[in-house]
Amino acid sequence: GEAVDVQYYLHYFKSEEHASETADGGVIDLGDVEEVALGQAKELSVVTETRVWLLRAETQAAQEEWMAQLSAVCGEATGGAAEVVSRQQPPPPADDVTSV
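Residue indices follow the written sequence of each chain, beginning from 1 at its first position. Residues qualify for local features only when their pLDDT is at least 70, as the model is predicted, and side-chain atom pairs are given and counted only at 80 or more; totals for whole chains, interfaces and linings, by contrast, use all residues. Excluded from the side-chain calculations are hydrogens and water; all other atoms, namely the structure's heavy atoms, are used.

Digging into the overall build of the protein
Then comes step 1: Strands are runs of DSSP state E lasting at least two residues, helices are runs of H or I lasting at least four, and both sets are numbered from the N terminus onward. From N to C terminus, the protein includes one helix and six strands.
Then comes step 2: Tracing the protein from N to C terminus, the helices and strands come up as β-β-β-β-β-α-β.
Then comes step 3: With a 1.4 Å probe rolled over the protein chains alone, any residue whose accessible area is under 20% of its type maximum counts as buried; one over 50% counts as exposed, and the rest are partly exposed. The buried share of the protein, taken over its 100 residues, is 29%.
Then comes step 4: Residues count as neighbours in contact if any of their non-hydrogen atoms are within 4.5 Å of one another. Partitioning the intrachain contacts of the protein with sequence separation of at least 6 by distance along the chain shows that 45% fall at a separation of at least 24.
Then comes step 5: Accessible surface computed for the protein: about 6900 Å², of which carbon and sulfur atoms make up 49%. For the accessible areas, the method is Shrake-Rupley and the probe is 1.4 Å, while residue cover comes only from the protein chains on display.

In structure tokens, the structure reads:
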């Protein structure tokens, strides 16, 4: 058969109440992820060339599950190019990027 190009996206929202309205959120193209980093206080950093997303899990167990899932998906989406690291501080944001 013909090869299928699979793309992975993570949709995010301000809250669960806003999740039904796609206009109230954003999208991370997991194929662009260069690094997934485990941080303090249940945080995860998802790093691309142009942006760093800081995500916070509700529990330590949820943080570990998110890390495992993102690592697997980002590794597959990038052909194994995404780096998985554990660090105390998130990476610095790019100079020309504004966080919301």
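Let's talk about the pairing of strand S2 (residues 25-29)
In the case of a regular strand, side chains alternate between the two sheet surfaces.
Then comes step 1: Burial along S2 is one-sided: the face carrying Gly 26 and Ile 28 is buried and the face carrying Gly 25, Val 27 and Asp 29 is not.
Then comes step 2: Whether two strands pair depends on DSSP finding at least two bridges between them. Strand direction decides the pairing type here: strand S1 (residues 9-13) and S2, joined by five bridges, are antiparallel. In the strand pairing of S2, Phe 13 is matched with Gly 25.

Taken by themselves, the reported measurements are silent on function.
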